[in-house]
Amino acid sequence: MRTRAGLLLALVATAAALLPGLPAAAGTPGDYPEFPYPTTDYSEPQRGQFHFSPRAGWMNDVNAPLYHNGLYHLFFQHNPHGLGWDTMHWGHATSPDLVHWTQQPIALEPGVHPGDLWSGGGVVDSANTSGFATGPDAPIVVFTGTNGVSVAYSNDGGRTFQNHDGGRKVISMPANSRDPKVFWHAPTSRWVMVVWSDNGGNAALLYTSPNLRDWTFRSRYAADWLLECPDLFALPLDGTGPTKWVLTDASGEYVVGSFDGVSFTADQPTPQRMDQGHNSYFGTFYAGLTFENMPGGRVVQMAWQPGNTGGGWTGNATVPVQLGLRTYPEGVGLTRFPVAELASLRTGSQSWSERTVAPDPATDPLAGTSADTYELVAEFDTASATATRFGFDLHARADGTYDRRVTYDRPAQTLYGAPLAPVGGRVRMCILVDRGQLEIFGNDGRLSWTDNVAFDSAPTSRGIRLFAEGGAVRVVSLHLHRIGSTWGRGESTLESNLAGPWRAVGGTWTDVTGGKRGDAAGDGFYLSDSTGADLSYEADLRLETAAAAGITFRASADGSAHYTAHYTANVDAAGLVKLWRPGRDIAVHATPISRGRTYHLKVVTSGASIKVWLDHGATPVIDAIDATHTGGYLGVNVFAGTAVVQNAQRNAAGFRTNLAQRWNPASGEWTVPTGGLRGRRMDNGFRLSERTAGDLTYSGDVRVLSGRAAGLTFRASADGTSHYTVNIDTDGLVKLWRPGRDLAVHPTAIVAGRTYRLRVVATGPRIQVWLDAGTGPVIDVTDGTYVAGRLGVNVFDALAEFQDVTVG
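These notes cover the structure that comes with them.

So, how was this worked out
- Residues numbered from 1 in each chain as written.
- Predicted model: local features only at pLDDT ≥ 70, side-chain atom pairs only at ≥ 80, totals over all residues.
- Heavy atoms only, no water.
- Salt bridge = Lys/Arg side-chain N within 4 Å of Asp/Glu carboxyl O.
- Helix = DSSP H or I, 4+ residues; strand = E, 2+ residues; numbered from the N terminus.
- Buried < 20%, exposed > 50% of the residue type's maximum accessible area, 1.4 Å probe, protein only.
- Contact = heavy atoms within 4.5 Å.
- Pairing = 2+ DSSP bridges.
- Axes fitted to C-alpha atoms, helices over the stretch in contact; angles between N-to-C directions.
- Phe/Tyr/Trp six-rings, centres within 6.5 Å; stacked < 30°, edge-to-face > 60°.
- 1 Å grid on protein atoms, 1.4 Å probe; cavity = no way out; pocket = protein on both sides within 12 Å on 5 of 7 lines; lining within 4 Å.
- Points joined across faces, edges and corners; volume = space filled by probe spheres on them.
- Nonpolar A, V, L, I, M, F, W, Y, C, P; charged D, E, K, R; others polar.
- Core = buried A, V, L, I, M, F, W, Y, C linked by side-chain atoms within 4.5 Å.

Some words on the pattern of salt bridges
- In the structure shown here, the tally under the stated rule is 48 salt bridges.
- One salt bridge connects Asp 381 with Arg 474, and the closest N-O pair in it is separated by 3.0 Å. With Asp 381 in strand 25 (residues 374–381) and Arg 474 in strand 34 (residues 473–483), the pair connects residues that are 93 residues apart, well separated along the chain.
- On the accessibility criterion, Arg 474 (22% relative accessible area) is partly exposed.
- The closest approach of N and O atoms between Asp 393 and Arg 465, which form a salt bridge, is 3.5 Å. Taken together, the residues Asp 393 in strand 26 (residues 389–396) and Arg 465 in strand 33 (residues 463–469) connect sequence positions 72 residues apart.

Quick look at the environment of Val 62
- Examined against the element boundaries, Val 62 turns out to sit in strand 1 (residues 57–68).
- Along the backbone, Val 62 and Val 512 are 450 residues apart, and their C-alpha atoms lie at a distance of 24 Å.
- Among all residues touching Val 62, those that are not within four sequence positions of it are Leu 74, Phe 75, Phe 76, Ala 287, Leu 289, Met 302, Ala 303 and Trp 304.

Brief notes about the sheet that holds strand 13 (residues 216–222)
- Read from one edge to the other, the open sheet built from 4 strands follows the order 10-11-12-13, with strand pairing classed as antiparallel. Bordering the open sheet on either side are strand 10 (177–185) and strand 13, each of which pairs with just one other strand. With strand direction ignored, the average angle separating the axes of adjacent strands in the sheet is 25°.
- In this structure, strand 12 (residues 203–209) lies alongside strand 13, joined through 6 bridges in antiparallel fashion. The residue bridging Tyr 207 from the neighbouring strand is Phe 217, located in strand 13.

Comments concerning the packing of aromatic side chains
- What the rule picks out here adds up to 34 aromatic pairs.
- Aromatic side chains Phe 35 and Tyr 37 sit 4.8 Å apart centroid to centroid with 80° between the ring planes, which places their arrangement in the edge-to-face category. Note on accessibility: Phe 35 and Tyr 37 belong to one class, buried.
- Measuring from ring centre to ring centre gives 5.2 Å for Phe 655 and Trp 663, while their planes differ by 80°; the resulting arrangement is edge-to-face.

A short note on the sheet that holds strand 29 (residues 418–419)
- The strand order across the open sheet built from 5 strands is 29-28-27-26-33, with neighbouring strands paired in antiparallel fashion. Looking at which strands have only one partner, the edges of the open sheet turn out to be strand 29 and strand 33.
- As paired elements, strand 26 and strand 33 share 7 bridges and run antiparallel to each other. Note on strand 33: the bridge partner recorded for Asp 393 is Arg 465.

Topic: the pairing of strand 14 (residues 231–236)
- Here strand 14 runs beside strand 15 (residues 243–248); their pairing, made up of 6 bridges, is antiparallel. Bridge pairing links Phe 233 to Val 246 in strand 15.
- Where strand 14 folds back onto strand 15 in an antiparallel hairpin, the turn is made up of 6 residues, including Asp 238, whose phi is positive at roughly 60°.

Regarding the layout of surface pockets
- As a volume, the second largest pocket reaches approximately 830 Å³.
- Tyr 328, Leu 334, Thr 335, Arg 446 and Leu 447 are the residues nearest the centre of the second largest pocket, which is lined by 39 residues in total.
- Contributing elements (two or more residues each) for the lining of the second largest pocket: strand 14, strand 18 (272–273), strand 22 (321–328), strand 23 (331–338) and strand 32 (447–452).
- For the lining of the second largest pocket, a count of residues per class yields 21 nonpolar, 11 polar and 7 charged.

A short note on the nonpolar core
- One finds Tyr 698, Phe 714 and Phe 802 to be the most contacted residues of the largest nonpolar core, which totals 40 residues.
- Ranked by residue count, the leading element in this core is strand 57 (residues 789–807), at 8 residues.
- Residues contacting Phe 714, with those up to four places away along its chain left out, are Leu 696, Tyr 698, His 723, Tyr 724, Val 726, Leu 736, Val 760, Ala 762, Ile 767, Arg 790 and Leu 791.
- Trp 502, Tyr 526, Phe 553 and Ile 593 belong to the second largest nonpolar core, which has 37 residues in total.

Concerning the environment of Ala 317
- Along the polypeptide, Ala 317 turns up in strand 21 (residues 313–317).
- A relative accessible area of 0% places Ala 317 in the buried class.
- For the pair Ala 317 and Phe 52, spaced 265 residues apart in sequence, the C-alpha separation works out to 5.4 Å.
- If near-sequence neighbours (up to four positions away) are discounted, Ala 317 is found in contact with His 51, Phe 52, Met 59, Met 302, Ala 303 and Gln 305.

Some remarks on unusual backbone geometry
- Tyr 32 connects to Pro 33 through a cis peptide bond whose omega is -5°.
- Within the secondary structure layout, Pro 33 lies in the loop between helix 1 (4–15) and strand 1.
- A cis amide bond links Gly 500 to the next residue, Pro 501, at an omega of 0°.
- A positive phi angle, close to 50°, is found at His 395, a residue other than glycine.
- Here His 395 lies in strand 26.
- For His 395, a relative accessible area of 0% corresponds to the buried category.
- A positive phi angle is found at Arg 715, which is not glycine, with a value near 50°.
- Within the fold, Arg 715 resides in strand 50 (residues 696–716).
- Given a relative accessible area of 2%, Arg 715 falls into the buried group.

Thoughts on the environment of Thr 265
- Relative to the helices and strands, Thr 265 resides in strand 17 (residues 264–266).
- A sequence separation of 241 residues divides Thr 265 from Gly 506, and the C-alpha atoms of the two residues are 62 Å apart.
- When neighbours within four sequence positions are excluded, Thr 265 is seen to be in contact with Gly 257 and Ser 258.

This is the structure in structure tokens:
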């Protein structure tokens, strides 16, 4: 068998002509997580309307599908910068229901996460066996790498991932090995990892661990057929029978057997195929994985379809299917059938029953029917049939041509060329037709055939025909379900706790790395589905070319009336913060406002009272009374140009601090997500309060999400060029420094993603630093360079968060 390396070289060569101008690239901690995608409405030719595909770039293997806190997560091998395989990232998408997927920023990124970020699995560590949890939520833990396994984990629902032990491998293996899949084995109360290796021949290597960090080799299952991306999962035989285990590889070949927590034993060594498509790296079905932590215990799988290519993307995922294990006359076999959630996408249905179809077109119940993306569900009586062949012509045209024919050959007992014997004299079909995808399921999933077809979606090419050749066939039942687009329901880059879907009312709104960008000639509004009257509401706002941008509240429900019924508090490049409603400027506060800088606005309403805060100041800059609007929708606003909004949060904790002055950025990008104040910068970035102090006790929670260091700054100049800073550094130290000199360091392990409490006591030239709940200072030095100045925070080559920053 050819190895993936050989396949990749060939694939990169054939795809070279398709690559766009941007080369594959690694990122930096200061830019993580990136969202390097152009705008799309997902309506391009051959773009699946209910099959996930990347917004742009290359997609291959499905990675780490799992369920966490109400969302399904799909990670995947991804090159966001080109149409061919290169410089693997982990792409990321989420769904509330397995069928409406929203692409998220990059999860694992070269330059931020070390090593080869190749395929792997992931788990939800609900019991925190790893100790990775830093809050109340269970961490998501993922596994990647080649010739060994590295671990990364997330404590913010998959938005960012930290490297365990600096990305060093928890298991080292000889070449070639890759594609770790991990699951919890309840009978032995241990984690199990299955990894592919061809050292000594193709095999699945099995390891166990109590904590996801420390792994012990247990056994090796050798099989010539087994090539990459293994999966191992349990299924009850015939739904309620004894538990059997299934071992699969990337091509969809599998064997059924037993697993005792240490070793796998196949009942029969000869593999079967779960899907009859072109099961290869260049084909239509490859590298499927099952979801972990599934509610209800279902075993659900998604796989990669390599053959779908559009103008800006390559590859898509299959629809999620539920797996089963059934006993047939020829033995035990897997079933694959679309998840029940797919029915929620149906926009209209037609049904027929007890029809006889013959070669005469007049007998076709689908005559005159037209559809673009749809599901066909049919049952045929083969026992009474005289037709030799029958089936469907998909995307048929008036001249008799069609894009694809799905045929059941009665004498050969094949569907779409693959064996499928009738059951009780009946054959059942479920056919999913998307713009670039065709999935066929026979007899409730006994047969699965995954294909890529470049369907012509022109109005004249949307016909469907039911045909019979050589005789007649009785149609017991036939259902046509039109399926709508799944795109556009979620937010990719706008972080918010407001309910969706959001909707644009004026202007255009697009996803960018920093949030949601609005562009309008006049006023443009982007409104959530959340309503409120008395509340706290806040967001980050950055003017690009816009004259103003703001947060909108108590807006009317009628889309056209958002211009005539709402309150909006905005930052205005004319040099003011303004509270207004249509027809009246309620209040203004004069203050310098610069384009390119992020401002944080917060509104608190109570009855007719409306207060507006700017940049975490202790007192509102606007305190007004207006009773015109008593309740309504929440959203954001842009006026006369472009602006970016982020972190639209209702009644959120925000950034907690007792520094009773405004905070201003001296350098870096600063926003306020749910976890506190967030800063990012390659090099040093500072955000400084207008509060000054000399002798002080200054404390704060500091967390490096990715990159190098972050800390507390004190006795600083307004521009941040002179200061003291004490930081936590993921190189393994706490450091006190000023420009030009490191005053002291304390070696200690600093783990990205963990929150550390720093406390500084400065009395004259003496500076002491405490870490967490330590009883004594870890740094105690004397330096009299700076005697007083501003208080603030710092990031260095990092993305970091700060919370509960206090002076006292």
